[in-house]
Amino acid sequence: MRREYIKYLVWVVCVTIWMTLCFIAPDFIDNPHDSVRSVLTIGAYLCALGTASLWIIYIAGLNKYIAFISIPLLGIGGAVVSYYRVAFHATITPMIIDATLHTNGGTIAGVVSWQLIGWIVLNITVAIGFCVWRRGLKTPTYAWLHAIIGVILLFTYYTMNGRLRSSINQRYPYNVVHNLIEYKQQQVQLNSNRITLPYTAKELPDSIDVVFVLGEAARADHLQLNGYERETTPLLAARKNIVSFPHIYSEATYTSTSVPVILSPADSLHPTYSGSHTSFIHIMNECGFRSAWISNQDNGRTYVSFIHEADTIIFPNASKSVFVFDPWYDEQLLPPLDSLTARSTARNLYVLHTIGSHWYYNLHVPEAYFRFTPATTERVITNNTEEQIINSYDNTIAYMDVVLDSLIQRLENRCAILIYLSDHGEALGEGGVYLHAAETEALHLPACVVWYSDKYAKAYPDKTEALIRNKDKRYRTDFLYHSILSAAGIETEGNCPEMNIFR
Ligand SMILES: [Zn+2]
């Protein structure tokens, strides 16, 4: 029986290798790989992710009939996912699931090609070959015991490390299940009832553009505006009507926990408001604003209901996730904005959720804007030198300067106010900490810059004077909800000065 069992294991390993090479390896085609070390790193990732598939095949293969159904299905699904990953650099995201469910047949037919059909047929053939091979093998004795051990091993492997689990969740076949669950949970969030805090609109202008740029991982101390020695924000520094706030504190250090606090009336006294109340977008809609959410990030479960308060929602890079090492840039948020401003009404709110300074830094800055070199070359951050990491990071800040300047150019002749606030900071190796979602001081100090047009200053001299007066004060990111409403002429009830940079 031992020989029969070894034959079964060989079959499991061969099916795993097929799935890993054909359906998981395509996820790594755009990874930076300049050295033997990076190739070995990618190889190690593939082995780790392939092992996650191995347990599934081990369990499914124990019963011939389950194998005859599951292996071809895995082959068809894997062929479709890997094809779009290679041909369109697209991965499964909740936004793509949403778009697919709300797309008509004609649009879907437009992305089906002969290459895709050929790739599916090839993989079905391979899958049938594995089924025939499995039919000739003996099922291990005590298959139920093997199944229980397989489930325990699968569970242990899946839960033993948070970073590995996040990576597994974004790779085939786990990404299909994970993103469907995420999509489903987002729908639950969208159907929940929320409370709107009282407000008064007494200074509403006839015409105004309020722009909120939600930054990503930009730390205050890397802005030239705040005294950083490098020229990271030369365009903003040369402009008038720019006010930087260098002392903003973010309690949360990662996107999914910080963004809901920024958008909602949640604060240190009412931390649960982010889960029970509407955001400033809803209130501005009620005050006659046309609102739009244009995003280079995902529609995270913790803030999806705020996104859906907006009248218009646009995701220029809906098929990208942070696990896709493919370039996408914040300039891509501007053409959708232009199409909206071209037919804009009197009062407008535009929220731009940027990819900003998210790792892998180089992928979010066009090469023409690589001001500081040498830049990073390795996907594992610690495989780069400190100089490379800081250079690439500072390039993202300098590119943010370009994007904000470009945005201001579009607004300067209108009555407009722009607030830029990053969701949290970023660690660049201090105390051995990198990136975010950890605990170090730089993560709590996000960049924040406000710009206003001359027309806005004329309409609201008190607010712009207060803005300048308050610039060196300390605020928590909770300030945003009350302040953006105040900037638009709407005062929240009990809006104390500690929460309002315009007062
Ligand atoms: Zn973030």
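Just so it is clear, the structure is predicted and the values come from calculations on it, not from any experiment.

Cut-offs used in this document
Residues numbered from 1 in each chain as written. Predicted model: local features only at pLDDT ≥ 70, side-chain atom pairs only at ≥ 80, totals over all residues. Helix = DSSP H or I, 4+ residues; strand = E, 2+ residues; numbered from the N terminus. Rg over C-alpha atoms; globule rule 2.2 N^0.38 Å. Buried ≥ 20, exposed ≤ 12 C-beta atoms within 10 Å, placed from the backbone. Contact = placed C-beta atoms within 7 Å. Expected span 1.5 Å × (residues − 1). Pairing = 2+ DSSP bridges. Axes fitted to C-alpha atoms, helices over the stretch in contact; angles between N-to-C directions. Domains from an automatic or database assignment. Core = buried A, V, L, I, M, F, W, Y, C linked by C-beta atoms within 7 Å. Parallel < 35°, antiparallel > 145°, perpendicular 65-115°, else oblique. Left-handed = near helix turned anticlockwise from the far one by under 90°. Nonpolar A, V, L, I, M, F, W, Y, C, P; charged D, E, K, R; others polar.

1. Topic: the overall build of the chain
- From N to C terminus, the chain includes 19 helices and 13 strands.
- Taking 23 Å as the expected radius of gyration for a compact globule of 503 residues, we find that the chain reaches 25 Å, a close match to that expectation.
- For the chain, the spread of C-alpha atoms along the three principal axes comes to 85 × 50 × 45 Å.
- Looking at the chain as a whole, 44% of its 503 residues qualify as buried.
- Relative to all contacts within the chain whose residues are 6 or more apart in sequence, the contacts with residues 24 or more apart total 75%.

2. What to know about helix α19 (residues 479-487)
- Burial runs high along α19: nine of the nine residues are buried.
- Where α19 is concerned, the buried positions are F479, L480, Y481, H482, S483, I484, L485, S486 and A487.
- Immediately beyond the C-terminal end of α19, within one or two residues, lies G489, with a positive phi of roughly 90°.

3. Observations concerning helix α1 (residues 2-24)
- A rise of 1.5 Å per residue sets the reference length of α1, with its 23 residues, at 33 Å; its end C-alpha atoms lie 31 Å apart and thus fit the reference within 8%.
- For α1, the set of buried residues is Y8, V12, V15, T16, W18, M19, T20, F23 and I24.
- Packing partners of the buried residues in α1 comprise α2 (36-60), α3 (64-88) and α6 (114-135).

4. Some thoughts on unusual backbone geometry
- In this chain, Y172 is followed by P173 through a cis amide linkage whose omega measures 0°.
- For P173, the location among the structural elements is in the loop between α8 (162-169) and α9 (174-190).
- With an omega dihedral of 0°, the bond running from T373 to P374 counts as a cis peptide bond.
- Secondary-structure assignment places P374 in the loop between β7 (347-353) and α16 (386-411).

5. What about the environment of L145?
- You can see L145 is positioned in helix α7 (residues 143-159).
- A count of 11 C-beta atoms within 10 Å places L145 in the exposed class.
- For the pair L145 and L428, spaced 283 residues apart in sequence, the C-alpha to C-alpha distance is 48 Å.

6. Observations concerning the sheet that holds strand β6 (residues 312-314)
- Taken together, the seven strands give an open sheet; going across it, the order is β3-β11-β8-β2-β7-β5-β6, and neighbouring strands pair in mixed fashion. Because the sheet does not close on itself, it has two edges, and the strands there are β3 (242-244) and β6. With strand direction ignored, the average angle separating the axes of adjacent strands in the sheet is 10°.
- As paired strands, β3 and strand β11 (residues 448-452) are joined by three bridges and run antiparallel to one another. Within the sheet, the bridge partner assigned to I242 lies in β11 and is W451.

7. Side note on the domain arrangement of the chain
- Per the domain assignment, the segments making up the chain are domain 1 (2-190) and domain 2 (203-499).
- Inter-centroid distance (C-alpha atoms) of domain 1 to domain 2 is 37 Å.
- On the domain 2 side, the residues contacting the 22 residues of domain 1 number 19 residues.
- For the side of domain 1 that touches domain 2, the secondary-structure elements that each account for two or more residues are α2, α4 (94-101) and α9.
- Here the element with the most residues in the side of domain 1 that touches domain 2 is α9; it accounts for five residues.

8. Brief notes about the nonpolar core
- Counting 87 residues, the largest nonpolar core has V210, V211, V351, L418 and I484 as the members making the most contacts within it.
- Among the elements that make up this core, the one with the highest residue count is α16 (twelve residues).
- Here V351 is in contact with F212, L214, I281, W293 and A310, once residues within four sequence places are set aside.
- In this structure, W18, A67, L74 and V81 belong to the second largest nonpolar core, which totals 31 residues.

9. Details of the pairing of β11
- With five of five residues buried, β11 lies mostly within the body of the structure.
- Along β11, one buried face is formed by C448, V450 and Y452 and the opposite face, lined by V449 and W451, is buried too.
- In this sheet, β11 lies alongside strand β8 (residues 416-422) in antiparallel orientation, the contact comprising five bridges. Counted as the bridge partner of I417 is Y452 from β11.

10. Quick notes on the pairing of β7
- For β7, the buried fraction is high: seven of the seven residues fall into the buried class.
- Both faces of β7 are covered, namely the face carrying R347, L349, V351 and H353 and the face carrying N348, Y350 and L352.
- In the sheet, strand β2 (residues 208-215) pairs with β7 via seven bridges, with the strands oriented parallel. By the bridge assignment, D209 is partnered in β7 with N348.
- Sheet topology places strand β5 (residues 290-295) next to β7; six bridges connect them, and they run parallel. Along β7, the bridge assignment pairs I294 with L352.

11. What to know about the packing of α3 against α6
- For the pair α3 and α6, interaxial distance at closest approach is 9 Å and the crossing angle is 155°. Relative to α6, the element α3 lies roughly antiparallel. You can see that α3 and α6 cross each other, and the crossing is right-handed. Of α6, the residues touching α3 (which contributes K64, A67, F68, I71, P72, G75, I76, G78, A79, V80 and Y83) are L116, W119, I120, N123, I124, V126, A127, I128, F130, C131, R134 and R135.
- Here the contact of α3 with α6 is built from residues that sort into 17 nonpolar, three polar and three charged.

12. Details of the environment of A438
- Among the secondary structure elements, A438 is positioned in the loop between β10 (434-435) and β11.
- A438 sits in the partly exposed class, given 14 other C-beta atoms within 10 Å.
- Taking C-alpha positions, A438 is 9.5 Å from A252, a pair spaced 186 residues apart along the chain.

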